[in-house]
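Listed here are the chains, written in short residue letters.
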Amino acid sequence: MCANASQAPRSVSAETGAAGPADNCFHCGEPNPPGRRYPVEVDGREEFTCCPGCQAVALTILGAGLESFYSHRDGPSQRVEEPSDFGIYDDPAVQAGWLRRNADGSVEADFGLEGL
């Protein structure tokens, strides 16, 4: 977690920096893009992630006090492959497994995150 446990881990917007970030993402292990920095603070040191998604997940894990996740894992977290066709999620049969339509017309969705 961050140096001061009462502080949430800090996030800095992507920026171009003269000093290059680490070669690989702290969270998923993918190559960090040149000239882009998505830092997170872990145990008082600055680590870099490859994208805003990995940064957000890392900040969520650290912000929840689960920094031991990173010290106990066997390797980088697996990236989720994006579907090539998002239209499949418009199919009512697919939606039935995770979408709930309420009597007031609102809609709720339930999702599970694997591998956290």
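Scroll up for the structure.
Note that the structure is a prediction, hence the values are computed from the model and not measured.

1. A short note on helix α1 (residues 52-63)
Link 1 in the chain: Over its 12 residues, α1 extends 16 Å from the first C-alpha to the last, a length consistent with the 16 Å expected when each residue adds 1.5 Å.
Link 2 in the chain: For α1, the set of buried residues is C54, Q55, A58, L59, I61 and L62. All buried residues of α1 project into a common sector of 160° when viewed along the axis, lining one side.
Link 3 in the chain: Where α1 is buried, its residues touch β1 (38-42), β2 (45-49) and α2 (68-72).
Link 4 in the chain: Once α1 finishes, G65 follows within two positions and takes phi at roughly 80°, a positive value.

2. As for the pairing of β2
Link 1 in the chain: Pairing analysis gives 5 bridges linking β1 to β2, with the strands arranged antiparallel. What sits directly across from Y38, in β2, is T49.
Link 2 in the chain: A loop of 2 residues connects β1 with β2, the two strands running antiparallel in sequence, and D43 in this loop sits at a positive phi of about 50°.

3. Some words on the packing of aromatic side chains
Link 1 in the chain: In the structure shown here, the tally under the stated rule is 3 aromatic pairs.
Link 2 in the chain: Judged by centre distance (4.6 Å) and plane angle (40°), the ring pair of F26 and Y70 falls under tilted. Of this pair, F26 sits in the segment before β1 while Y70 is found in helix α2, placing the two residues 44 residues apart along the sequence.
Link 3 in the chain: By relative accessible area, F26 is classed as buried at 14%.
Link 4 in the chain: With a centroid separation of 5.0 Å and 75° between ring planes, the pair formed by F69 and Y70 is classed as edge-to-face.
Link 5 in the chain: Connected via pairs of aromatic rings, a cluster forms that spans F26, F69 and Y70.

Cut-offs used in this document
Residues numbered from 1 in each chain as written. Predicted model: local features only at pLDDT ≥ 70, side-chain atom pairs only at ≥ 80, totals over all residues. Heavy atoms only, no water. Helix = DSSP H or I, 4+ residues; strand = E, 2+ residues; numbered from the N terminus. Expected span 1.5 Å × (residues − 1). Buried < 20%, exposed > 50% of the residue type's maximum accessible area, 1.4 Å probe, protein only. Arc of directions from axis to C-beta. Contact = heavy atoms within 4.5 Å. Pairing = 2+ DSSP bridges. Phe/Tyr/Trp six-rings, centres within 6.5 Å; stacked < 30°, edge-to-face > 60°.

Limitation: the analysis is restricted to geometry and does not speak to function.
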